[in-house]
Amino acid sequence: MTARWLVTGGAGMLGRDLAGVLGEAGADVLAPGRRELDVTDADAVRAAVAGRDVVVNTAAWTDVDGAESEEAAATRVNGDGPRTLAAACAASGAVLLQLSTDYVFPGDATAPYPHDAPTSPVNAYGRGKLAGERAVLDLLPERGYVVRTAWLYGAHGRNFVSTMLGLAERHATVDVVDDQRGQPTWTRALARQLYELGEAAVAGRAPAGVYHGTASATATWFDLARAAFELTGLDPERVRPTTSEAFVRPARRPAYSVLAHKRWAEAGVAPQPHWRDQLAEALPTLTSGTAAPGGRPGA
């Protein structure tokens with residue numbers, strides 16, 4: 001029997017790609033956006049979860065800098081929302097896949113963070129997302145899955161890659177930070193992996209707990225911008241390296257956001273492709289849209 005899916009945050013960048021992947025796979029999927037489903041509304045959540053086999057929570061407060069001044073509001077979405085969903089799934093028997101972030105780590109490592117590495121967020125956004133992780137794992141010890149991701153870009157939202165390509169149309173050079181390292185991840189590649197994990201979870205093949213859903217290999221924002229220029233036929237020398245000090249922001253960013261992928265083998269799910277291969281596949285979908293405003297790199 002085909003699993004019945006609920007994707008919260010269905011109007012967002014990842015939610016839309018996941019709904020698309022599920023639709024192409026012939027899955028029964030509902031993907032309400034924020035206006036259709038508030039994940040902090042317990043009654044609405046219970047009604048939405050009823051009859052679903054897999055729930056994927058992509059709904060989130062994503063304004064990292066805004067969370068510094070509005071931490072309570074951000075945590076209500078990123079912490080209380082997952083708790084509300086987990087309670088509904090505990091009552092209904094559904095599997096829950098909760099999207100989380102590299103920001104639960106301090107960013108001071110020198111090797112990829114394993115799934116069970118100690119957490120220590122350096123900003124309000126990370127603290128709220130960690131609260132959501134803990135709620136899911138506490139309430140759903142056998143059917144709760146936390147998938148940490150990072151450095152997302154995609155066709156359906158503001159993102160770093162589109163911003164860089166937009167800046168290329170207006171400026172001779174672009175300065176990009178070269179002292180933050182992570183794994184640039186295409187939302188559609190992550191969506192494919194989430195689909196495989198959800199199917200494995202329903203079939204009883206995937207152990208519950210934490211997984212790291214990011215691209216293989218690592219890059220800096222500078223590396224990513226240069227690759228985007230090169231793969232679209234622009235001169236990569238137009239991208240110039242700079243440091244984080246050149247872009248002071250309210251929320252501190254981890255300097256090292258590389259996540260280890262060993263756990264996927266336990267679920268029988270393949271790790272994601274190399275970040276550069278993802279970028280090459282994604283670019284035709286990104287360059288056809290309007291670039292995001294601004295020019296400061298972010299996570």
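In this report, the structure presented in the accompanying data block is examined.

The rules behind the values
- Residues numbered from 1 in each chain as written.
- Predicted model: local features only at pLDDT ≥ 70, side-chain atom pairs only at ≥ 80, totals over all residues.
- Heavy atoms only, no water.
- Helix = DSSP H or I, 4+ residues; strand = E, 2+ residues; numbered from the N terminus.
- Polar contact = N/O pair within 3.5 Å; in protein donor to acceptor, adjacent residues only side chain to side chain.
- Contact = heavy atoms within 4.5 Å.
- Buried < 20%, exposed > 50% of the residue type's maximum accessible area, 1.4 Å probe, protein only.
- Core = buried A, V, L, I, M, F, W, Y, C linked by side-chain atoms within 4.5 Å.
- Axes fitted to C-alpha atoms, helices over the stretch in contact; angles between N-to-C directions.
- Parallel < 35°, antiparallel > 145°, perpendicular 65-115°, else oblique.
- Left-handed = near helix turned anticlockwise from the far one by under 90°.
- Nonpolar A, V, L, I, M, F, W, Y, C, P; charged D, E, K, R; others polar.

### Focus on the side chain of Gln 98
Then comes step 1: Position of Gln 98 relative to the elements: it lies in strand 4 (residues 95-101).
Then comes step 2: Polar contacts involving the side chain of Gln 98 include one to the side chain of Asn 57, which spans 2.7 Å.
Then comes step 3: Dropping the residues within four chain positions of it, Gln 98 is found in contact with Asn 57, Pro 82, Lys 129, Val 136, Tyr 145, Val 146 and Val 147.

### Here we look at unusual backbone geometry
Then comes step 1: With a phi close to 50°, Trp 151 is a non-glycine residue in the positive phi region.
Then comes step 2: With respect to the helices and strands, Trp 151 occurs in the loop between strand 5 (144-149) and strand 6 (152-153).
Then comes step 3: The backbone of Ala 217 shows a phi angle near 70°, a positive value even though the residue is not glycine.
Then comes step 4: Using a relative accessible area of 33% as the deciding quantity, one classes Ala 217 as partly exposed.

### Describing the nonpolar core
Then comes step 1: Membership of the largest hydrophobic core comes to 30 residues, with the highest contact counts inside it found for Phe 160, Val 161, Met 164, Val 176 and Leu 279.
Then comes step 2: Among the elements of the structure, helix 6 (160-168), strand 7 (174-177), helix 8 (221-231) and helix 10 (275-286) are those that each provide at least two residues to this core.
Then comes step 3: Judged by nonpolar contacts, the second largest core, of 27 residues, contains Leu 18, Tyr 145, Leu 190 and Ala 191.

### Structural notes on the packing of helix 1 (residues 13-24) against helix 7 (residues 187-202)
Then comes step 1: Across the interface, helix 1 lies against helix 7 with an axial gap of 8 Å and an inter-helix angle of 55°. Judged on the interaxial angle alone, helix 7 and helix 1 are oblique. The two elements helix 1 and helix 7 cross, and the hand of that crossing is right-handed. The residues of helix 7 that touch helix 1, namely those facing Met 13, Leu 14, Asp 17, Leu 18, Val 21, Leu 22 and Glu 24, are Thr 187, Arg 188, Leu 190, Ala 191, Arg 192, Leu 194 and Tyr 195.
Then comes step 2: The residue makeup of the contact of helix 1 with helix 7, split by class, is 9 nonpolar, 1 polar and 4 charged.

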